Amino acid sequence: MSSTVSIRKTRGNEYEDIKEAVDRVIEDLGGLEDIIRPGNKVIIKPNMVAVPMSRLSGAVTRWEVCLAIYEAVKFAGGIPVIAESASVGADTGDVILMCGYNRLVEDGVPVVDLKSKDGQGGERCRLVIDDAKIAHEIITWELVRDADAVITVPVMKTHDQTEITLGMKNLKGLLADDSKKRFHRDGLIESVVDLNAALRPCLEIVDGTFAAEGIGPVFGDTREMDLIIGSKDIVACEAVTGKIMGYEPDEVPITAAAAARGLGTMDLAEIEIAGEKIEDVGSRFVRSCETKIEGVADSFRMVLDESACTGCRNTVVSVLMDMKEAGLLKYTEGLTVIAGRADDDMIDADDLIPEKTVCIGACAKKFADRYGLRWAEGCPPRNRIAIEAIVGGREKYDGE
Ligand code: SF4
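About the thresholds
Residues numbered from 1 in each chain as written. Predicted model: local features only at pLDDT ≥ 70, side-chain atom pairs only at ≥ 80, totals over all residues. Helix = DSSP H or I, 4+ residues; strand = E, 2+ residues; numbered from the N terminus. Rg over C-alpha atoms; globule rule 2.2 N^0.38 Å. Buried ≥ 20, exposed ≤ 12 C-beta atoms within 10 Å, placed from the backbone. Near = placed C-beta within 6 Å. Nonpolar A, V, L, I, M, F, W, Y, C, P; charged D, E, K, R; others polar. Pairing = 2+ DSSP bridges. Domains from an automatic or database assignment. Contact = placed C-beta atoms within 7 Å. Right-handed = clockwise from strand over helix to strand, strands pointing away.

S.K.: Explanation requested: the overall build of the protein chain in the structure shown.
M.R.: For the protein chain, the helix and strand inventory stands at 14 helices and 16 strands. For 400 residues, the compact-globule estimate of 2.2 N^0.38 gives 21 Å, and the C-alpha radius of gyration of the protein chain, at 21 Å, lies within 12% of that figure. Once the C-alpha set of the protein chain is aligned to its principal axes, its extents read approximately 60 × 45 × 40 Å. Residue burial in the protein chain is summarised as follows: out of 400 residues, 52% are buried.

S.K.: Help me understand the site of the ligand, please; the structure alone is not making it clear to me.
M.R.: The full set close to the ligand counts 14 residues, and Gly311, Cys312, Gly361, Cys363 and Cys379 are the nearest of them. Tallied by class, residues from the shell around the ligand come to nine nonpolar, four polar and one charged.

S.K.: Please clarify how the pairing of strand 1 (residues 4–9) should be interpreted in this entry.
M.R.: Note on strand geometry: in a regular strand, side chains alternate between the two faces of the sheet. Alignment of strand 1 against strand 12 (residues 272–275), held across four bridges, turns out to be parallel. What sits directly across from Ile7, in strand 12, is Gly275. Where strand 1 meets strand 11 (residues 221–231), five bridges bridge the pair, whose relative direction is antiparallel. Bridge pairing links Ser6 to Gly230 in strand 11.

S.K.: Looking at this structure, how should I read the domain arrangement of the protein chain?
M.R.: Along its sequence, the protein chain is carved into domain 1 (4–281) and domain 2 (292–396). Measuring from the centre of the C-alpha atoms in domain 1 to the corresponding centre in domain 2 gives 31 Å. With 17 residues of domain 1 in contact, the opposing surface of domain 2 contributes 14 residues. The biggest single contributor to the side of domain 1 that touches domain 2 is helix 7 (residues 177–186), with four residues. Per-class residue counts for the side of domain 1 that touches domain 2 are eight nonpolar, five polar and four charged.

S.K.: Before we go on, may I ask you to explain the pairing of strand 13 (residues 301–304) in this structure?
M.R.: By the bridge criterion, four bridges tie strand 13 to strand 14 (residues 336–339) in an arrangement that is parallel. Its bridge partner being in strand 14, Met302 is matched across the sheet by Val337. After leaving strand 13, the chain enters helix 12 (residues 310–325) and then returns to the sheet as strand 14, a path that is left-handed.

S.K.: Sorry, what's going on with unusual backbone geometry here?
M.R.: In most cases, non-glycine residues show a negative phi, while peptide bonds are predominantly trans. Following Gly216, the chain continues to Pro217 via a peptide bond in cis, the omega torsion being 15°. Within the fold, Pro217 resides in the loop between strand 10 (203–213) and strand 11. Cis peptide bonds are those with omega within 30 degrees of zero, and the linkage from Cys379 to Pro380 qualifies with -5°. With respect to the helices and strands, the residue Pro380 is situated in the loop between strand 16 (374–376) and helix 14 (383–391). Phi at Glu163 is positive, roughly 70°, even though this residue is not glycine. Topologically, Glu163 is positioned in strand 9 (residues 163–165).

Structure representation (structure tokens):
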């Protein structure tokens, strides 16, 4: 496996500009012939985690990057399909539409909503992962099981749990929701590495045109970087992309864990860079932990452990955004929000004020029951339900 990473600047924002940069990256990496054989079934996996604020906000992979890869795979004789299942609770069809991928569908490009009942992804199936550390079994779809190759196409962005989220974590969108939840419950980092060890993506191409910093993975601030980055060594790709974003490779838990398991190298001295130099294009991204939503009280507290999956994490941030818009952030004064299964010792019963503590989602119901707290039902709950639980009743919030 070559540990070359290619970094190319885009010249503009039209499809031809993006395609030119993607093609140059693929050329720098020696083409696709060594990884895609004629007749191979190839999954192109974008990041379409949830409905973004806009398709170029840096939260989702833009369709232009996927289309350019699709064309390259076809040219190499492969049979490409773009496939995704959005985060727990998110409707993938809505996300596909909001991200503009419907225009590809209209042109005959297969864009598969894996969660849909239309059967394009085939039946759900179980895959056993030999030598897994944590995820010994996953639930996916026949389309994924039967693919000859997987190309992971993340967008460059920060993340509240994993510092940054790139191509390895992106593959979680090839799992059914039950498995996604399980990853969060059992240990996200090593589960993601297990998944990558099993699916062995042959190429990562990062959409670094519009990136996102701060509160990731959905509500970050957009940063225009005009970059396409790629490698056949996914660990090297993530080490270099992370470095461009201001992270040392060992600061990013998934990169470090994957390197430790031998999935690639994160040693920047061993990685050959083609195209732009890291120091010429890099700049420090604001980290998720450094960000705060304006107007949220300093006394607001979130109790989230690793088991709280993207569905509830996004819900909490999105709820705060909706409350800001509705002028309700005064209710965050002294508020504690609990999501996920949380270890019992993360919660001190003596600290809890029942009318100022809200449990979000099915996983946190046990705390609501045990301590008589407010509870927002759902997996994840709808924003309206969560806001009503926070403000203390429907009459105080009439939004949707
Ligand atoms: S309740 Fe929330 S944290 Fe629990 S599985 Fe559902 S979305 Fe994930």
